[in-house]
Amino acid sequence: MHRDVSPPPNDTEEPEETFTYIRHPFLTGDPCDANGEYLPPHAPPPPKPEPTNDWHPFESRTAFDFACFHFSEVQSSEKEINRALDIWLASIIPFGGRAQWEKAEEVYETIDSIEEGECPWSTYKIRYQGPLPDNPPKWMTETYELCTRDSRQVVHHQVAMSGFKHSIHYGPYRQFNSKGDRVWSNLMSGDWCWKQADEISKLPDTRGAIFVPIVAGSDKTTVSVATGHQQYHPVYISPGGLMNIARRARGNAVLPVAFLPIPKVSQKEQKSPLYQRFARQLYHACLARVFAPLKAGMTTPEVIRCPDGHFRRAIYSLGPYIADYPEQVVLAAIVQNWCPKCDARPDCLDDPALRRSHAKTEFIISCFDPGILWTDYGIRTDVSPFTRDFPRADIHELLSPDLLHQLIKGTFKDHLVMWVGDYLILTHGETRAKEIIQDIDRRISAVPSFPGLRRFYDGRNFTQWTGDDSKALMKVYLAAITGHVPLVMVQCMSAFLDFCYIARRNSLSNYDIKELKSALTRFHHLRAIFIETGVRVDISLPRQHSMVHYPHSIRLFGSPNGLCSSITESKHIQAVKEPWRRSNRYNALIQMLRTLVRLDKLSAAERRFAAQGMMAGSTSSYAAFIHDGGVPEAPGSDDEDDGDSDDDLGPATGPKVMSSVKLAVTPERNYPKDLEGLARHIQQPRFPEALRRFLYQQIYPDIPADDIVLDDCPRFHGRISVYHSAVARYFSPSDICGVGGMHRERIRSHPNWRGLYPRYDTVFVETDSDTLGMLGMTIGRVLLFFSFSFCGEDYPCALVNWFIPVGGSPDEETGFWMVKPEYMAGGHRSLAVVHLDCVARGAHLLPVYGTGYLPEDFHFSQALNAFRAYFVNRHVDHHTHEFLK
Ligand SMILES: [Zn+2]
């Protein structure tokens, strides 16, 4: 075993810390040739194809871009494509030109003739094989269709994509931080991969291979039609070597591989044991069929092409499986309400219990009759999990944690938030409870600078809520209930939210897992308040119980956010909902599959053209390049746009930087350019004094601010430019972000935001860079972003009012730090100029509402002026949660 300070390929995403890695000694991912013969060290990959101008089967770049734009990007209908073709033709007729196509149908034919990306779907027909009674129910005579494509071929395509060159690991590794603490992040950093590699290396001829675990997920999804609902049950796969960030990004990291049949029966028939047995057997037989093409490669390596262009010998395994609770019950062949991972009894799930495994189940089955198995062990004997047919696979182990359904929608929304509502009704009666719930609602809507959370929560009705709504509520809920419910209930919620925010991190150290366990212990202890207050008789719920298994699952599989069902849910849009909308709704699945194949083909063709350097520039600049021999222009970058859009949480792409705050690109015009005039304009008469003190500090940084004599400070007569926003960029792979993990956040200081109200955001300002967390920071409210030059130096700055910490530790009820506005001797707010280098990022404050009701006409734009104290919200995003820990 060798210790190695260089990261495994491409794990260069964590800029803040240096890590040490130990790679698996046998599954080392050595490049080989197409026949599987290992190459000498440092041999280059096979040469890339030469650039050509061969757009086959398209006539030109223009034709290819036209097809891509209409078919993949805007998803035009046949009629719209016909219309666009007609306009295209009209524009070239005067020059005697012709277009490749006249009708949409011809466009489709061309797309179908693309050779790469060929991964056709086939249909398997399945029927009930058992004995038929005299008058058999319909489900016994019906034919069911499994639509699937070759899972091995899909994996080959995914692993070969050069776009994943910087986001794939070829073998298991162990990661340690600078303190020597083990860190779990991507799947390959987990103990499960290592253990698999140990097993694999006992097989002949596997040394030097790469390990390709197959992450899978299945989930029913509904599309609505006027006449009712249509359900689909897609299965997705993703190569496990891909980093979490790649798996969570929109793209080809996760692809549909099958649509499982959904038998339609009456509710009465659904309860019949014979039917249940058939439905379960059908489900497992289909999954076994879907993964069958990969089975041979699970014991004998096969040569595949990797994103860096090299060939390597790959060995597969069934990897973590993503599914929600009712489907987990079917997957694990257990009885409803039991846990698929341990044998805790359904009425006391959180009591200590032993883990399930196929071997253990087999042993128990050999000892007891089916009645005992059902009642004492929660084991069904009428079906065998499909994983038993595959080497080294055990469904009880492979079921992955699921942040979305277990924590966010399950424990938080369906349990805790509902229970708080129930508590209020039990304690105060319907009428008073309603008033309090309305006040909680007002408090949520009064949260400052938090666009996107204008949706009213009415305490109990969540029918239309999405996972994102619940995530948004998690950010502000704690402060909103404080004062209206017992202290222990707030502490319970706080312990749960701590668990949730730690579990959602992109990487977790041993220390973090200890913190996670301690949050769980606190939560289990404190949630008894819901039993004491009569809201619950007991608490034994499968989704909530799953929290018990998180520490072990994180050690096995790395961070849960690389395996969450939000990945499969968001894939439904591309793989089911959009193709469904494009169908004519009659026998839709066949049309949907055709659309999926065409999309794959177009994206495969695009990758070929891009690899040959043919996708540079825009359509017209490329055409000009071919025509005149010029240089195709790079497409414009909109990374630095200063639009007033609300995409504050939008993706960041572009160069990697540690963390920075930069002013918007263009200054605002309608401000005085001189200091005195500007101070009058923004009604901050002490602005000039604050600026002079700032300049003095720039010259004498070691003199404490309190010792500065104003008369000693330089005067400033230069020009000042004003900005309405600044952009903070920082590394935060746990939050919504671009592929590189960079997060971009726009901080506003706007006198008339969207023409509606003044918006002055708050920021974290570093006061002591050696002290971590809140002790080294204070909060500033940005009254003005501005820049100027002084003595040849440019200064990007912010004019701020201070909010100073209350006490030396967080509030014991909520766990939040508290701050209050700072006032000077004369009763006016403290004012200071800070350099943007000292600004870490945006901060989010939540009012400390106390026990009173908020006035009905309270407007959130007043929230930062109206209260005596504020909580520093560490639930606003993961970066803040880690940053304030
Ligand atoms: Zn369990």
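Remember, it's a predicted structure, so these values are computed and weren't measured experimentally.

**Focus: the overall build of the chain**
Then step 1. When its secondary structure is counted, the chain shows 27 helices and 28 strands.
Then step 2. Relative to the globule expectation of 29 Å for 885 residues, the C-alpha radius of gyration of the chain, 30 Å, shows essentially globular dimensions.
Then step 3. Along the first, second and third principal axes, the C-alpha atoms of the chain reach 100 × 80 × 60 Å.
Then step 4. Looking at the 885 residues of the chain, the share that counts as buried comes to 54%.
Then step 5. Taking all contacts inside the chain whose residues are at least 6 apart in sequence as the whole, residues at least 24 apart take part in 70%.
Then step 6. Total accessible area on the chain is roughly 39,700 Å²; 52% of this is exposed by carbon and sulfur atoms.
Then step 7. Charge-centre separation for the chain: the mean point of 95 positive side chains lies 4 Å from the mean point of 107 negative side chains.

**Quick word on the coordination of the zinc ion**
Each pair of donors in an ideal octahedron of six around a metal sits at 90 or 180 degrees, and each pair in an ideal tetrahedron of four sits at 109.5 degrees.
Then step 1. For the zinc ion, the full set of protein donor atoms is Cys339 (SG), Cys342 (SG), His545 (NE2) and His549 (NE2), and the range of their distances to it is 2.0 to 2.3 Å.
Then step 2. For the zinc ion, the 4 donor atoms in the first shell make angles of 103 to 117° at the metal, so the coordination geometry reads as tetrahedral.
Then step 3. We note that the donor set of the zinc ion lies within a single chain, spaced as C-x2-C-x202-H-x3-H. Here the residue cysteine 339 occupies a position in the loop between helix H10 (325-331) and helix H11 (358-367), and histidine 545 occupies one in helix H19 (residues 542-545), the gap between them amounting to 206 residues.

**As for the packing of helix H17 (residues 510-526) against helix H20 (residues 550-557)**
Then step 1. As a packed pair, H17 and H20 sit with axes 10 Å apart at the nearest point and diverge in direction by 160°. The pairing of H17 with H20 is recorded here as roughly antiparallel in orientation. Relative to H20, the crossing made by H17 is right-handed. Residues Asn510, Ile513, Leu516 and Lys517 of H17 form the contact with H20, whose participating residues are Tyr550, Pro551, Ile554 and Arg555.

**Regarding the pairing of strand S5 (residues 143-149)**
Then step 1. Counting buried positions along S5 yields 5 of 7 residues, so the element is predominantly enclosed.
Then step 2. Both strand S4 (residues 121-127) and S5 contribute to a ladder of 7 bridges, which runs antiparallel. Bridging across to S5, lysine 125 finds its partner in glutamate 145.

**Focus: unusual backbone geometry**
Then step 1. A cis amide bond links histidine 56 to the next residue, proline 57, at an omega of 5°.
Then step 2. Looking at the element boundaries, proline 57 is found in the loop between strand S3 (31-32) and helix H1 (61-73).
Then step 3. Phi angles above zero are rare outside glycine, and arginine 585 is one such case at about 75°.
Then step 4. Among the structural elements, arginine 585 can be located in the loop between helix H21 (565-582) and helix H22 (588-611).

**Some points on the domain arrangement of the chain**
Then step 1. According to the domain assignment, the chain consists of domain 1 (58-113 + 591-631), domain 2 (121-129 + 136-333 + 383-400 + 563-581), domain 3 (403-562) and domain 4 (656-883).
Then step 2. A C-alpha centroid distance of 49 Å is found between domain 1 and domain 4.

**What about the pattern of salt bridges?**
Then step 1. Under the counting rule described, the total for this entry stands at 30 salt bridges.
Then step 2. For aspartate 439, the salt bridge goes to arginine 442, with nearest N and O atoms at 3.6 Å. Remark: arginine 442 and aspartate 439 occur in helix H14 (residues 403-445); sequence separation between them is 3 residues, near one turn of the helix. Taken individually, aspartate 439 and arginine 442 each receive the classification buried, so the pair is uniform in this respect.
Then step 3. A salt bridge links aspartate 512 to arginine 505; its shortest N-O distance comes to 3.2 Å.
Then step 4. One salt-bridge network, in which partners are shared between bridges, spans Asp439, Arg442 and Arg443.

**Things to note about the environment of glutamate 766**
Then step 1. Relative to the elements of secondary structure, glutamate 766 occurs in strand S21 (residues 762-766).
Then step 2. For glutamate 766, a relative accessible area of 39% puts it in the partly exposed group.
Then step 3. The spatial distance from the C-alpha of glutamate 766 to the C-alpha of alanine 840 is 6.6 Å, given a sequence separation of 74 residues.
Then step 4. In this structure, glutamate 766 is in contact with Gly776, Met777 and Cys838, ignoring residues within four places of it in sequence.

**Considering the environment of glutamine 276**
Then step 1. Its place among the elements puts glutamine 276 in helix H9 (residues 273-291).
Then step 2. With 39 residues separating them along the chain, glutamine 276 and isoleucine 315 place their C-alpha atoms 35 Å apart.
Then step 3. Those residues in contact with glutamine 276 that lie beyond four places of it in its chain are Gln270, Lys271 and Arg380.

**Description of the packing of aromatic side chains**
Then step 1. Counting across every chain of the model gives 45 aromatic pairs.
Then step 2. Residues tryptophan 139 and tyrosine 275 carry aromatic rings whose centres are separated by 5.3 Å and whose planes lie at 70° to one another, so their mutual orientation is edge-to-face. Within this pair, whereas tryptophan 139 is found in helix H4 (residues 138-141), its partner tyrosine 275 is found in helix H9, the two being separated by 136 residues in sequence.
Then step 3. Owing to a relative accessible area of 3%, tryptophan 139 belongs among the buried residues under this scheme.
Then step 4. Of the aromatic side chains, those joined through ring pairs into one cluster are Trp55, Phe58, Phe64, Phe66, Trp88, Trp101, Phe609, Tyr622 and Phe625.
Then step 5. Its guanidinium or amino end placed over the ring of tyrosine 501, arginine 504 lies 5.1 Å from that ring's centre, counting from NZ or CZ.
Then step 6. The ring centre of phenylalanine 71 lies 4.2 Å from the NZ or CZ of arginine 582, which sits over that ring.

Scoring rules and cut-offs
- Residues numbered from 1 in each chain as written.
- Predicted model: local features only at pLDDT ≥ 70, side-chain atom pairs only at ≥ 80, totals over all residues.
- Heavy atoms only, no water.
- Helix = DSSP H or I, 4+ residues; strand = E, 2+ residues; numbered from the N terminus.
- Rg over C-alpha atoms; globule rule 2.2 N^0.38 Å.
- Buried < 20%, exposed > 50% of the residue type's maximum accessible area, 1.4 Å probe, protein only.
- Contact = heavy atoms within 4.5 Å.
- Areas by Shrake-Rupley, 256 points an atom, 1.4 Å probe, with all protein chains shown as cover.
- Lys, Arg positive; Asp, Glu negative; His and termini not counted.
- Charge placed at Lys NZ, Arg CZ, Asp CG, Glu CD.
- Donors = N, O, S within 2.8 Å, 3.2 Å for Na, K, Ca; no water.
- Tetrahedral: all angles 85-135°; square planar, octahedral: opposite > 155°, others 65-115°.
- Axes fitted to C-alpha atoms, helices over the stretch in contact; angles between N-to-C directions.
- Parallel < 35°, antiparallel > 145°, perpendicular 65-115°, else oblique.
- Left-handed = near helix turned anticlockwise from the far one by under 90°.
- Pairing = 2+ DSSP bridges.
- Domains from an automatic or database assignment.
- Salt bridge = Lys/Arg side-chain N within 4 Å of Asp/Glu carboxyl O.
- Phe/Tyr/Trp six-rings, centres within 6.5 Å; stacked < 30°, edge-to-face > 60°.
- Lys NZ or Arg CZ within 6 Å of the ring centre and 35° of its normal.

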